[in-house]
Amino acid sequence: MLGLSITQSFLWAATFGVEAALLALLIFRGQYREFPFFFAYILGVLLQSVLLFSSYWIWGFDSLISGRIAWISQGIIILLRALVVVELCRRLVGPYRGIWALIWRVLLACSAIVLFVSLLQAKLSVPGIVVNADRGLELTIATVVVVVFLFASFYRIVPQAQIHFLAAGLLLYSCFCVINDSFLERWMEPFSNVWNFMGMVSFLASMALWFWAFRMPSTAEVSGTFLLPKETYRLLSPQLNLQLRQLNDRLSLFWRIEEPHS
Amino acid sequence: LTVTFYLFATVVGLLLAVFGWSLRALAKRSGASVSMAELEDFPRQHVTYFAQMRQALRTQDSQYLSARGMPKLARQIQTERRRVALRYLAGIRQDFQKLLRLARVIAVLSPEVNAVQEYERFKLTLQFAWRYRLAYLSLKLGHSPLPLLMELCHVVSGLSVRVEGIITCLGEQAAAGFDLGSTFERRGLDNT
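J.: Would you take a moment to explain the packing of aromatic side chains for this structure?
T.: Pairs of aromatic rings are described using the distance from one ring centre to the other and the angle between the two planes. One pass over the structure, following the stated rule, counts 12 aromatic pairs over all chains. Seen in terms of ring centroids, Phe35(A) and Phe214(A) are 5.1 Å apart; in terms of plane orientation they differ by 90 degrees. Their pairing is edge-to-face. In this pair, Phe35(A) sits in the loop between α1 (6-28) and α2 (36-59) while Phe214(A) sits in helix α7 (residues 192-215), placing the two residues 179 residues apart along the sequence. With respect to class, Phe35(A) is no different from Phe214(A); both count as buried. Grouped by ring-pair contacts, the aromatic residues Phe35(A), Phe38(A), Tyr41(A), Trp210(A) and Phe214(A) constitute a single cluster. Lying across the ring of Phe35(A), Arg91(A) places its NZ or CZ 4.4 Å from the centre. The cationic tip of Arg104(B) hangs over the ring face of Phe154(A); the distance from NZ or CZ to the ring centre is 4.3 Å.

See below:
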């Protein structure tokens, strides 16, 4: 009817069902207040599904207009995904003002570098640019998620379970998109059906992860975090670093110095 | 397959591996939260054995035994002392990690941090991990830099005095109205 195979139709229906269930879960649990961008993203993908279904119904799966609608709506969805990543970072390290000021700058620099490098690979044909832009953005999202978790690990900030799953879902789907886009770039036409199929499977897997995460009751967020006076850091941090450096310097000589003869 | 594909596949593989590692590291810590009381104990645990270590690291005993015609016993004693040195080295690592933990807690709870200080600490962490491995291997392979161990003992004992000052400073601030322990619990911050 829509030019889709039975498997694709089944996957589409399953994804739509999970999206609707997740949206309902976010509303009933009141978690749309805690994760407004994530809520907007899920609402966006649900609306995109409806829009695409309608366009395929009217113009067919392989029509040019359906393709354009699909790519434009995908652009909006990717932007919403980027906002979800910002929300994830803010929820994870945002309450710690000092390190957040440092981390967001590092993340911004990482994003700019990754995006620039991946866009350098772009081919100058129209689908090539779209595929490369998609891959660049997804790679940027994946990098930001990983770097923010590295920071969390370094500063020993233990995230809520929902943040874990949210990050895992975003990362899995983004990584899959990068691989998929790289295949698509090479075999644009023959691979397009498999690309659609694999994209749907990976997205369904991410949705299932998120549904699982938001089933759990969320830990109440405390407004305002205890912070030390500015002077404490200014006074103590150089001292602590000096002591760490001293320990380090001694250790570096550990295997060099010979025992003196007494 | 193109070079570009392999390049992106490698980057994706690396990202997934690093994410998995950070999740594993965080999962280990989530079950091991301790109170501020552990930080207050800071380096006493290993520094308290400083006098015994200094005695154990002296070479006169084995020289005396060798001179007395007991080289086997001298070797046995050296092996034992190397084992003790290894354990002490591990203790120093623990002290380093505790110091690092304290520095991280202060950074996380500060309204402003200095990027240079943070970068330096990150670099020191990597350097220490690398040097510790080398020192450990060096001891395992039979090299006995005993005077250096003594020097390390001095450094760590010096740290204990200064860190006590830091803990006192934090304690005063906590007494002034801040509740550090409950902050960690509420925010999910692991101070282990």
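J.: When you look at the packing of helix α5 (residues 60-67) of chain B against helix α6 (residues 71-108) of chain B in this model, what are you seeing that I'm missing?
T.: Residues and elements named next belong to chain B. Where α5 contacts α6, the two axes come as close as 7 Å, and the packing angle between them is 160 degrees. Considering the angle they form, α5 stands roughly antiparallel to α6. Both α5 and α6 take part in a crossing whose hand is left-handed. Two secondary-structure elements touch here, α5 through Asp61, Ser62, Leu65 and Ser66 and α6 through Pro71, Leu73, Ala74, Ile77, Gln78 and Arg81. Looking at the contact of α5 with α6 residue by residue, the class counts come to five nonpolar, three polar and two charged.

J.: Please explain the nonpolar core as it appears in this structure.
T.: A general tendency of soluble globular proteins is for nonpolar side chains to be buried together. By size, the foremost hydrophobic cluster in this structure holds 87 residues, and its most contacted members are Phe38(A), Tyr41(A), Ile99(A), Phe149(A) and Trp210(A). The element contributing the most residues to this core is α6(B), with 14 residues. Excluding residues within four positions of it along the chain, Phe149(A) makes contact with Leu88(A), Leu92(A), Pro159(A), Ile163(A), His164(A), Ala167(A), Phe19(B), Ser22(B), Leu23(B) and Leu26(B). By size, the runner-up hydrophobic cluster in this structure holds seven residues, among which are Leu11(A), Trp12(A), Ala70(A) and Met200(A).

J.: Explanation requested: a nonpolar patch on the surface in the structure shown.
T.: All names here are of chain A. A surface patch of nonpolar side chains, amounting to about 550 Å² of accessible area, comprises Phe53, Trp57, Ile58, Trp59 and Ile65. Sorting elements by how many residues they give to the nonpolar patch places α2 first, with four residues. In this structure, Phe53 sits in helix α2.

J.: Would you take a moment to explain the confidence of the model for chain A for this structure?
T.: Residues shown with low pLDDT carry predicted positions that ought not to be read at fine detail. All names here are of chain A. Confidence in the prediction for chain A averages 81 pLDDT; 84% of positions are at 70 or higher. Highest mean pLDDT in chain A belongs to α2 (90); lowest belongs to helix α8 (residues 230-252) (73). Contacts from residues 257-262, a stretch scored under 50 in pLDDT, to residues over four places away or in other chains number 11 contacts.

J.: It is not clear to me how the pattern of salt bridges should be interpreted in this structure. Could you clarify?
T.: Once their charged atoms are close, side chains differing in charge can pair, the charge on each being opposite to the other. All names here are of chain B. Counting across every chain of the model gives four salt bridges over all chains. When the shortest N-O distance is used, the salt bridge between Arg83 and Glu80 registers 3.0 Å. With Arg83 and Glu80 both in helix α6 and three residues apart, this pair spans about one turn of that helix. Arg83 gets classed as partly exposed once you look at its relative accessible area, which sits at 42%. Relative accessible area serves as the criterion here: at 40%, Glu80 is assigned to the partly exposed category. When the shortest N-O distance is used, the salt bridge between Arg121 and Glu118 registers 3.0 Å. Linking Arg121 with Glu118, this pair stays in helix α7 (residues 115-140), spanning three residues, or about one helical turn. Taking relative accessible area as the criterion, Arg121 reaches 0% and is therefore assigned buried. Under the relative-accessibility criterion, Glu118 is labelled buried at 3%.

Rules behind the numbers
Residues numbered from 1 in each chain as written. Chains lettered and ligands numbered in written order. Predicted model: local features only at pLDDT ≥ 70, side-chain atom pairs only at ≥ 80, totals over all residues. Heavy atoms only, no water. Phe/Tyr/Trp six-rings, centres within 6.5 Å; stacked < 30°, edge-to-face > 60°. Helix = DSSP H or I, 4+ residues; strand = E, 2+ residues; numbered from the N terminus. Buried < 20%, exposed > 50% of the residue type's maximum accessible area, 1.4 Å probe, protein only. Lys NZ or Arg CZ within 6 Å of the ring centre and 35° of its normal. Axes fitted to C-alpha atoms, helices over the stretch in contact; angles between N-to-C directions. Parallel < 35°, antiparallel > 145°, perpendicular 65-115°, else oblique. Left-handed = near helix turned anticlockwise from the far one by under 90°. Contact = heavy atoms within 4.5 Å. Nonpolar A, V, L, I, M, F, W, Y, C, P; charged D, E, K, R; others polar. Core = buried A, V, L, I, M, F, W, Y, C linked by side-chain atoms within 4.5 Å. Patch = residues over 30% accessible without salt bridge, like charges linked within 9 Å, V, L, I, M, F, W, Y side chains within 5 Å. Areas by Shrake-Rupley, 256 points an atom, 1.4 Å probe, with all protein chains shown as cover. Salt bridge = Lys/Arg side-chain N within 4 Å of Asp/Glu carboxyl O. pLDDT = per-residue confidence, 0-100.

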